[in-house]
Amino acid sequence: MDGARTVNGTAGGGRPGEAGKGEKLADWADGRLGLYALAKANMRKVFPDHWSFMLGEICLYSFIILILTGVYLTLFFEPSGVEVIYHGSYTPLNGIPMTRAFESTLDISFDVRGGLLIRQIHHWAAVVFIAGMLIHMMRVFFTGAYRKPRELNWVFGWTLLFLGIITGLTGYSLPDDLLSGTGIRFADGAILSMPIVGTYISMFLFGGEFPGHDIISRLFPIHVLVLPGIMLGLVVAHLILVFYHKHTQYPGPGRDQKSVVGMPFLPVYMAKAGGFFFLVFGVLAIMGGIASINPVWAFGPYRPDLVTTGAQPDWYLGFSEGLIRVMPGWEIDAWGHTLEPGVFIPFTLFPLILAAIGAYPFIEAWITGDKREHHILDRPRNMPVRTGLGVAWLSLYGVLLIGGGNDVVATHLNLSINAITWFVRVSFFVMPVVAFLVTKRVCMGLQRRDRDKVLHGRESGLIKMLPHGEYIEVHEPLAQDELFRLTQHEQEPPYEMGPLIDANGVRRQVKGGQRVRARLAKAMFGPETRIPKPTVEEYKELTSGDHHH
């Protein structure tokens, strides 16, 4: 072996049983940090495998890419509101007065090597990050993955979504171009609509009357330090809870509340996760290289007396802008003050709707009174009211997104902007109701189909003639794993108040909260929201004898 010798498992000239330097370092670290016990308990942890679980990974990887590209951009961006005259590579803007923030953005785009690519990757990663969080949370919502013990993790995810929206707003406002300046003016108007405190908040943010001179320098640390720091802490806490609670899994054979079917974290899951990270990074790099986003040079520097045609925020803020655009104008003059309910009401509806989404797990837990742990996911069809509520919210979001871009929709489709505005106003109240009713009906129909499949089997496509001349289609019995998947869900009776008069004929004291809880429980989980599962007796009766085909 080229002069080397091995003695009792040691190579070279070391003494028998002597540990190598790497092993000594590992022993030293383990004695002080307990790494071996931690790794042994977690590195072989089993994770279930399903494509929908990758949505959370897309969010995580997009966030990492945002941090990496953001650090690069921070090296060249100057968050200054000082006015300068531009003399740079982009000749159409030469001689135009602008802030140093906008000038440095142009320098990044045209003079810094790879600057425009990094800018666009950063912006696309922000869009994908928030889109991934929204879709991921909808998957969690529709499958009931937020139930005990994961309510706190739902709150962490909801907070990340809300902070992501605010971080996106502060980020695209930094370049101080005409589009972002219009968005800041929109936000300032919404803040000013707040009674009593609105003017003080506006003066504090802008350092004086709009547009002030301090807004960019104040948004910069919020965007690059405060919000990302909080979000990084929430991401770490979110991942720790995922490890601690174990991952939820879809129903199937061998899967119950105490066992997990899947692949170990090391090496299988880590290898797949590493490859998926580079796949996400590659897709974002391709998008940043071929798909232009936020071309600030086309908008020009911000001026308070100008506004861009077809000014649109990023899609995740279209919800709030749609609320304000379609709200009828409404002013109240009282005691020498002017109130703007036409702006303040929709401005407050946005966080209130988001707050209702964040509190939903606790509301549902109160209605059901269920204190058990849940590690098996629901099939959305088996919870038609919850699924209907989710679809209703998504339909409302889509309607208000149209309202937030009513001018663009009008110009591109050659429609009247007034007609679009009234369509959104009416649809704001009608569309969620219609979406809820349709979704609930579809879920009930799917439940009936599942029941028929369990009792009668799967259609084989074979036609059989019986001795007396009748033609029937032969049904094949379902496999045991399919039968389990279709019948494993629980159908617990909803909460009820019980008799209002006790055995002694005395009327019980029933609180208002109990009445509300009983009505909500009946509406969400009562007999009208579920098709009874086939009983064992029904299944045996239909699957035995000559009449089963």
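Residues numbered from 1 in each chain as written. Predicted model: local features only at pLDDT ≥ 70, side-chain atom pairs only at ≥ 80, totals over all residues. Heavy atoms only, no water.

A.B. asks: When you look at the overall build of the protein in this model, what are you seeing that I'm missing?
C.D. replies: What the protein contains, in helices and strands, is 19 helices and 10 strands. Each of the three principal axes of the protein carries a C-alpha extent, and together these read 95 × 90 × 65 Å. Counting every position in the protein, which comprises 549 residues, the buried fraction comes to 41%. Element-wise, carbon and sulfur atoms account for 66% of the exposed surface of the protein, whose accessible area totals about 30,500 Å². (Helix = DSSP H or I, 4+ residues; strand = E, 2+ residues; numbered from the N terminus. Buried < 20%, exposed > 50% of the residue type's maximum accessible area, 1.4 Å probe, protein only. Areas by Shrake-Rupley, 256 points an atom, 1.4 Å probe, with all protein chains shown as cover.)

A.B. asks: Just to check I follow, could you spell out a nonpolar patch on the surface for this structure?
C.D. replies: On the surface, Trp 422, Val 426, Phe 429, Val 430, Val 434, Val 438 and Val 442 cluster together into a nonpolar patch covering about 690 Å² of accessible area. The topology assignment puts Val 442 in helix 16 (residues 417–456). (Patch = residues over 30% accessible without salt bridge, like charges linked within 9 Å, V, L, I, M, F, W, Y side chains within 5 Å. Salt bridge = Lys/Arg side-chain N within 4 Å of Asp/Glu carboxyl O.)

A.B. asks: Would you explain the packing of aromatic side chains in this entry?
C.D. replies: Given two aromatic rings, their pairing is described by the distance between the two centres and the angle made by the two planes. Under the defined criterion, the tally for this structure stands at 26 aromatic pairs. Among the aromatic residues, ring-to-ring pairing joins Trp 315, Tyr 316, Phe 319, Phe 350, Trp 393 and Tyr 397 into one connected group. Its end group placed over the ring of Tyr 495, Arg 517 keeps NZ or CZ at 3.8 Å from the ring centre. (Phe/Tyr/Trp six-rings, centres within 6.5 Å; stacked < 30°, edge-to-face > 60°. Lys NZ or Arg CZ within 6 Å of the ring centre and 35° of its normal.)

A.B. asks: Where do I start with the nonpolar core in this structure?
C.D. replies: One recurring pattern in soluble globular proteins is that nonpolar side chains are buried together. Counting 67 residues, the largest nonpolar core has Phe 129 and Phe 319 as the members making the most contacts within it. The greatest single-element share of this core, amounting to 14 residues, is contributed by helix 5 (residues 115–143). Residues in contact with Phe 129, not counting those within four places in the same chain, are Cys 59, Ser 62, Phe 63, Leu 66 and Met 231. In this structure, Leu 174, Leu 178, Ile 184 and Tyr 302 belong to the second largest nonpolar core, which totals 16 residues. (Core = buried A, V, L, I, M, F, W, Y, C linked by side-chain atoms within 4.5 Å. Contact = heavy atoms within 4.5 Å.)

A.B. asks: Just to check I follow, could you spell out helix 12 (residues 318–326) for this structure?
C.D. replies: Every α-helical turn comprises 3.6 residues, leaving residues that sit three or four positions apart pointing alike. Of all 9 residues that make up helix 12, 8 are buried, and the element is covered over most of its length. Listed in full, the buried residues belonging to helix 12 are Gly 318, Phe 319, Ser 320, Glu 321, Gly 322, Leu 323, Ile 324 and Val 326.

A.B. asks: Got a minute to help me understand the packing of helix 6 (residues 151–173) against helix 9 (residues 215–245) in this structure?
C.D. replies: When two helices pack together, their arrangement is captured by the angle between the axes and the distance separating the axes. The contact between helix 6 and helix 9 brings their axes to 9 Å, and the two run at 160°. Judged by the inter-axis angle, helix 6 sits roughly antiparallel to helix 9. Handedness of the crossing formed by helix 6 with helix 9: left-handed. Here the contact of helix 6 with helix 9 is built from residues that sort into 15 nonpolar, 10 polar and no charged. (Axes fitted to C-alpha atoms, helices over the stretch in contact; angles between N-to-C directions. Parallel < 35°, antiparallel > 145°, perpendicular 65-115°, else oblique. Left-handed = near helix turned anticlockwise from the far one by under 90°. Nonpolar A, V, L, I, M, F, W, Y, C, P; charged D, E, K, R; others polar.)

A.B. asks: Just to check I follow, could you spell out the side chain of Arg 386 for this structure?
C.D. replies: One can find Arg 386 in helix 14 (residues 384–404). Among the polar contacts made by the side chain of Arg 386, one reaches the side chain of Asp 378 at a distance of 3.2 Å. (Polar contact = N/O pair within 3.5 Å; in protein donor to acceptor, adjacent residues only side chain to side chain.)

A.B. asks: When you look at the confidence of the model for the protein in this model, what are you seeing that I'm missing?
C.D. replies: Where the model shows low pLDDT, its predicted coordinates should not be examined in detail. Averaged over the protein, the pLDDT score is 87; the fraction of residues at 70 or greater is 94%. Taken together, the stretch residues 1–14 has pLDDT below 50 and engages in 10 contacts with residues farther than four places along the chain or on a different chain. (pLDDT = per-residue confidence, 0-100.)

A.B. asks: Would you take a moment to explain the environment of Met 54 for this structure?
C.D. replies: Position of Met 54 relative to the elements: it lies in helix 3 (residues 54–74). Sequence spacing of Met 54 and Trp 154 is 100 residues, and the spatial spacing of their C-alpha atoms is 17 Å.

A.B. asks: Which parts of the structure should I look at to understand helix 3?
C.D. replies: An ideal rise of 1.5 Å per residue puts 30 Å on 21 residues; helix 3 measures up with 30 Å between its terminal C-alpha atoms. Along helix 3, the residues that are buried comprise Leu 55, Glu 57, Cys 59, Tyr 61, Ser 62, Phe 63, Ile 65, Leu 66, Thr 69, Gly 70 and Leu 73. Against helix 4 (100–110), helix 5, helix 9 and helix 10 (265–290) lie the buried residues of helix 3. (Expected span 1.5 Å × (residues − 1).)

A.B. asks: Help me understand the pattern of salt bridges in this model?
C.D. replies: Once the charged atoms of two side chains with opposite charge are near each other, the side chains can pair. Inspection of the entire model under this criterion finds 18 salt bridges. One salt bridge connects Arg 147 with Asp 378, and the closest N-O pair in it is separated by 3.3 Å. Of the two residues, Arg 147 is situated in the loop between helix 5 and helix 6 and Asp 378 in the loop between helix 13 (341–368) and helix 14; the sequence distance between them amounts to 231 residues. Like Arg 147, the residue Asp 378 is buried in the burial classification. Close ionic contact of Arg 379 with Asp 450 constitutes a salt bridge, the shortest N to O distance being 3.1 Å. Of this pair, Arg 379 sits in the loop between helix 13 and helix 14 while Asp 450 is found in helix 16, placing the two residues 71 residues apart along the sequence. Summarising the burial analysis for this pair, Arg 379 and Asp 450 share the class buried. Within this structure, Glu 78, Arg 100, Glu 103 and Asp 107 form a network of salt bridges that share partners.

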